[in-house]
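Remarks on the overall topology
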Amino acid sequence: MTHFPQPHPSRRAARVQLGASVVAAIRLEDGRHAKAKLQSISATGGLLQLPRSLGNGAFVELAFQTQSGPVRGMAEILSPIRKTADGVFQPFRFVALDDDDHRRLRTSLDHVVDRSWLGKSSVLNVPRTI
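Residues numbered from 1 in each chain as written. Predicted model: local features only at pLDDT ≥ 70, side-chain atom pairs only at ≥ 80, totals over all residues. Heavy atoms only, no water.

**Some points on the pairing of strand 3 (residues 33-41)**
Two faces make up the sheet, and in a regular strand the side chains alternate between them. Formally: The rule for pairing is simple: two strands pair if DSSP sees at least two bridges between them. Secondary structure elements are defined from DSSP: runs of H or I of at least 4 residues count as helices, runs of E of at least 2 residues count as strands, and each element is numbered from the N terminus.
Pairing between strand 3 and strand 4 (residues 45-50): 4 bridges, direction antiparallel. What sits directly across from Lys37, in strand 4, is Gln49. Following strand 3, the chain reverses through 3 residues before pairing antiparallel with strand 4.

**Description of the environment of Val22**
On the secondary structure map, Val22 appears in strand 2 (residues 16-27). Expressed as a C-alpha distance, the spacing of Val22 and Gln39, which sit 17 residues apart in the sequence, is 7.7 Å.

**Examining the packing of aromatic side chains**
Here is the rule we go by: Two rings from Phe, Tyr or Trp (for Trp, the six-membered ring) form a pair when their centres sit within 6.5 Å of each other. Planes less than 30 degrees apart are called stacked, planes more than 60 degrees apart edge-to-face, and all others tilted. Only protein chains enter the accessibility calculation, which uses a 1.4 Å probe; a residue is then buried when its area is under 20% of its type maximum, exposed when over 50%, and partly exposed in between. Criterion for a charge above a ring: Arg CZ or Lys NZ at most 6 Å from the ring centre, at most 35 degrees from the ring normal.
Using the criterion set out here, one finds 1 aromatic pair in the structure. Between Phe92 and Phe94, the ring centres sit 5.3 Å apart and the planes meet at 85°, which makes this aromatic pair edge-to-face. Given the relative accessible area of 4%, Phe92 is considered buried. You can call Phe94 buried: its relative accessible area is 1%. When the ring centre of Phe89 is taken as reference, the NZ or CZ atom of Arg82 above it lies at 4.3 Å.

**Brief notes about the side chain of Gln39**
Short version of the rule: N or O atoms closer than or at 3.5 Å make up a polar contact, with two conditions inside protein: a donor-capable atom paired with an acceptor-capable one, and, for residues adjacent in sequence, both atoms drawn from side chains.
Summarising the element assignment, Gln39 is placed in strand 3. In terms of polar contacts, Gln39 uses its side chain to reach the side chain of Gln49, at 3.1 Å.

Here it is in structure tokens:
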């Protein structure tokens, strides 16, 4: 079954800052592949650091590794928010996740949020590649 993440109308989903420690694999609509660094993630989307921007509104398949296992889902690319010498920061929102992928994402996010409540590290402990 597929999960369609919906933002809460009055409460923003908790963000986890990753500090570019997680590599995300992207498959574009035309079949081309790209790699990005995942800067932050939430249950509804995240922020990528890319060498060059992707088209606003593009639908992509996005995959990355968490401590709970791989997460793969469909995402919509949003307008770039900042350009740097190393590339561009571009947000995305999840539009569809398989139930197992959604569970792995939620489990990883909940683990990090629980650890930060206890005053421990808030960095997601995930391998650097898929």
